[in-house]
Amino acid sequence: MVKLGVAVPSKIRESTRFYPYFKDCIGAIDGTHVPAIVYGRDVSSYRNRHGIISQNVLAACTFDLEFIYILSGWEGSAHDSKLLNDALTRRNGLKVPRGKTFLVDCGFPNRRQFLAPFRGVRYHLQDFGGEGRYPENARELFNLRHASLRNVVERIFGIFKSRFAIFKSAPPFPFRTQAELVLACVGLHNFLHKECRSDEFPIEPDDEDSSQPSLLTETEDEVDVLQTQEEQRENANEWRNSVAQEMWSDVLNEENRD
């Protein structure tokens, strides 16, 4: 996968909408579902919330549309936060550089390493479309810019599934091979994107709208063993609030200058 650097990504550095507020963000994380063939007693656990037999695939990507990390093979019924916890605890799992952050949707708990939007506040880009639907407060502005930046993970899923049409239906292989096929195609995607820049085709929308608010509670993962979950939550929420307030204050000051 892609080696992470310490420099601020150009997508953030070159935009006053994102810099300096998201300067420590290195990418986005989300899950997507791939149709699967499963037999026997395991079938029910692989049935996702749409009633389709699938494997849930967790991905971390850069803002340049390259995959950083992939975890495939989980049951379609498994929640994304459970996959993230697994990815973090594996020996060769997902590593987050010190002081860096991934953007996640509200299906994940808000943590310093995994910055989620405010719940109960407008978030999806279409919620802000049209005349008179601009952000009305700091939290809405934060969510709008967060969604605009995190949208990269939905784009990369669309490109991936459009490029590798084999995932339009369940690949006719043993399940372990189905999971490994995802990993192989991810590596091929990165190669083609870097060497060929061959992403010039219609991007198919991802069937899974995993940006919807989750009904699960924030009790599953322990990112930092040096803090309790409650301390993590409070620390991360205070940090997120300060970023949102700074962003909102800058917008108001800019309007006053005009």
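Residues numbered from 1 in each chain as written. Predicted model: local features only at pLDDT ≥ 70, side-chain atom pairs only at ≥ 80, totals over all residues. Heavy atoms only, no water.

Moving on: the overall build of the chain. When helices and strands are counted, the chain shows five helices and five strands. Here the chain holds 258 residues, and 48% of them are scored as buried. Long-range pairs, those at least 24 residues apart, make up 66% of the contacts in the chain with a sequence separation of at least 6. When the accessible surface of the chain is totalled, it reaches about 13,500 Å², and 50% of it is carbon and sulfur. (Helix = DSSP H or I, 4+ residues; strand = E, 2+ residues; numbered from the N terminus. Buried < 20%, exposed > 50% of the residue type's maximum accessible area, 1.4 Å probe, protein only. Contact = heavy atoms within 4.5 Å. Areas by Shrake-Rupley, 256 points an atom, 1.4 Å probe, with all protein chains shown as cover.)

The end-to-end C-alpha distance of helix α5 (residues 229–257) is 42 Å, a good match for the 42 Å that 29 residues give at a rise of 1.5 Å each. All of the buried residues along α5 are Gln229, Gln232, Arg233, Ala236, Trp239, Arg240, Val243, Ala244, Met247 and Trp248. Packing partners of the buried residues in α5 comprise β4 (101–103), β5 (114–115) and α3 (138–163). (Expected span 1.5 Å × (residues − 1).)

This paragraph deals with the pairing of strand β1 (residues 25–35). Summarising burial for β1: 10 of the 11 residues are buried, a large majority. Direction of pairing for β1 relative to β4: parallel, over a ladder of three bridges. Bridge pairing links Cys25 to Thr101 in β4. (Pairing = 2+ DSSP bridges.)

The subject of this paragraph is the pattern of salt bridges. Two side chains that carry opposite charge are able to pair once their charged atoms sit near each other. Taken as a whole, this structure holds eight salt bridges when the rule is applied. Note that Glu154 is salt-bridged to Arg150, the shortest N-O span being 2.7 Å. Of the two residues, Glu154 and Arg150 are both situated in helix α3; the distance of four residues between them amounts to about one turn of the helix. Residue classification places Glu154 among the partly exposed residues on the basis of a relative accessible area of 31%. The closest approach of N and O atoms between Glu180 and Arg176, which form a salt bridge, is 3.3 Å. Taken as a pair, Glu180 and Arg176 lie in helix α4 (residues 175–195) at a separation of four residues, close to a single helical turn. The class of Arg176 is exposed, set by a relative accessible area of 66%. (Salt bridge = Lys/Arg side-chain N within 4 Å of Asp/Glu carboxyl O.)

This paragraph deals with the environment of Phe114. By secondary structure assignment, the location of Phe114 is in strand β5. A relative accessible area of 1% means that Phe114 is categorised as buried. With 11 residues separating them along the chain, Phe114 and Leu103 place their C-alpha atoms 5.7 Å apart.

Where burial is concerned, most of strand β2 (residues 54–61) is hidden: eight out of the eight residues are buried. Side chains Ser54, Asn56, Leu58 and Ala60 project from β2 onto one buried face, and the interleaved Gln55, Val57, Ala59 and Cys61 project onto a second face that is buried too. Of the strand pairs in this sheet, β1 and β2 are connected by eight bridges, and their pairing is antiparallel. By the bridge assignment for β2, His33 is matched with Asn56. Of the strand pairs in this sheet, β2 and strand β3 (residues 67–75) are connected by six bridges, and their pairing is antiparallel. Within β3, the position partnered with Ala59 by the bridge is Ile70. Here β2 folds back onto β3 in antiparallel fashion, the turn holding five residues, of which Leu65 has a positive phi close to 65°.

Attention now moves to the packing of α3 against α4. Between α3 and α4, whose axes approach to 11 Å, the crossing angle comes to 105°. Comparing their axes, α4 and α3 come out roughly perpendicular. In this structure, α3 contributes Ile156, Ile159, Phe160 and Arg163 to the contact, and α4 contributes Val182, Cys185, Val186, His189 and Leu192. Partitioning the contact of α3 with α4 into residue classes produces seven nonpolar, one polar and one charged. (Axes fitted to C-alpha atoms, helices over the stretch in contact; angles between N-to-C directions. Parallel < 35°, antiparallel > 145°, perpendicular 65-115°, else oblique. Nonpolar A, V, L, I, M, F, W, Y, C, P; charged D, E, K, R; others polar.)

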